[in-house]
Amino acid sequence: ENDLTAKTKLRQDNATYAAMIKSIDESLGEIRQNLEEEGIADNTIIIITSDNGGLSTTEINGNRELPTSNRPFRGGKTWLYEGGIRLPLIVYGPDYRSGIIEEEPVVGTDFFPTLLEMGNIPLLPEQHLDGESFQDLLLTSANGGDPNYSRTNPIIWDFNFASAGTANVSMAAARIGDYKLLEFKYNNVFELYNVVTDPGETTDISAANPAIV
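Starting from 1, residues in each chain are numbered consecutively following that chain's sequence as written. Where local features are concerned, this predicted model is filtered to residues with pLDDT of at least 70; where side-chain atom pairs are given and counted, the filter is 80 or more; whole-chain, interface and lining totals use all residues. To obtain the side-chain values, all non-hydrogen atoms of the structure were used and water was disregarded.

Q: Would you mind showing me how to read the packing of aromatic side chains here?
A: The relation between two aromatic rings is expressed through the spacing of the ring centres and the mutual angle of the planes. Classification of ring pairs rests on two measures: the distance between centres of Phe, Tyr or Trp rings, Trp counted by its six-membered ring, which must be within 6.5 Å, and the angle between planes, read as stacked under 30 degrees, edge-to-face over 60 and tilted in between. Under the criterion given, the structure shown has four aromatic pairs. Measuring from ring centre to ring centre gives 6.0 Å for Trp 79 and Tyr 81, while their planes differ by 20°; the resulting arrangement is stacked. Judged by its relative accessible area of 0%, Tyr 81 is buried. Taken together, the ring pairs in this structure connect Trp 79, Tyr 81 and Tyr 193 into an aromatic cluster. Only lysine NZ and arginine CZ atoms are considered, and such an atom sits over a ring when it is within 6 Å of the ring centre and within 35 degrees of the ring normal. Taking NZ or CZ as reference, Arg 32 lies 4.6 Å from the ring centre of Tyr 92, over its face. One cation-aromatic arrangement involves Arg 74 over Tyr 81; the distance from NZ or CZ to the ring centre is 4.0 Å. Using a 1.4 Å probe on the protein chains alone, a residue whose accessible area is under 20% of its type maximum counts as buried, one over 50% counts as exposed, and one in between counts as partly exposed.

Laid out in C-alpha cells, this is it:
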C-alpha cells in the first residue's frame, strides 16, 4: 500500500531472505554447541540485534525488490516510524532472566555502558553521553536486577537524509515512556503516537495532547 512517499510491502514472501534468516539461526546453534563443548557457555553472553528495521519500502511506482515486511509496524529501513526503529533484541547470559519478553525500550547507544557493566568494567560517562546501561533490566532479582528499571532520559533519533531507494522523508523523533513524537523536519509538522497502545502508528494524537507535544 502507499504511505506518504512510499510503497510498503505487506507480506513476508521472499524465499531468499527467509533462507538468510534460517542460516543465521543455524549458525547461532553451531556457536552455542561449540561454547558448550569448550565448557564456556556459562561464561558467555550472547546478544542478537539489528541495525534497522527490514527493507520494506520503495518509492511509489518503484520496482525495487523488497525482501520483507515489518507489519504490523509502519514503515521500514531509514524511516523513524516503528517499522524502521523497533528492532529484535535477544540477550542471553547465565545470570539473566530467561523466557521474558521485555517492553522497556533501549537504544543502540545503550550497548556501550551495558557491555562495560557486563564485563565489570567502570563506566566511562564522558564516552557514552547518550547511553544508559540496561543490565539491571536483564539480571534476575537474586543477582541484583531491578524489575522497576526505566530510562532516565528520552530516546532521540535524527535522520536528516531522504533516500529515493526507501522513499523515506527527513525526520526526527523522541520517545518518552509510551509516547513517541515525530517531526517532519522541513515542513514543521509534528505527529504524536502512543506506541504501546498503537504500535502501528495509525492515529496521530498530537492535537489532543499539546502538553505532551
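Q: Just checking my understanding: could you explain the pairing of strand β7 (residues 171-176) for this structure?
A: On a regular strand, one side chain projects to one face of the sheet and the next to the other, so that they alternate. The pairing of strand β6 (residues 155-159) with β7 spans five bridges and is classified as antiparallel. Bridge assignment links Ile 156 to a residue of β7, and that residue is Ala 174. When DSSP finds two or more bridges between a pair of strands, those strands are recorded as paired. Secondary structure is summarised from DSSP: a helix means a run of H or I of at least four residues, a strand means a run of E of at least two, and numbering begins at the N terminus for each. Sheet analysis places β7 next to strand β8 (residues 179-184), joined by six bridges and oriented antiparallel. Within β8, the position partnered with Arg 175 by the bridge is Lys 180.

Q: Honestly, the sheet that holds strand β4 (residues 57-59) in this entry has me stumped. Any pointers?
A: In any sheet, the strands associate via hydrogen bonds between backbone groups, in a parallel or an antiparallel arrangement. Pairing in this open sheet of three strands is antiparallel, and the strands run β1-β2-β4 from one edge to the other. Two strands close off the open sheet at either side, each with one partner strand: β1 (2-3) and β4. Sheet topology note: the β1/strand β2 (residues 6-8) ladder contains two bridges and is antiparallel. Among the inter-strand pairings, Asp 3 is bridged to a residue of β2, identified as Ala 6.

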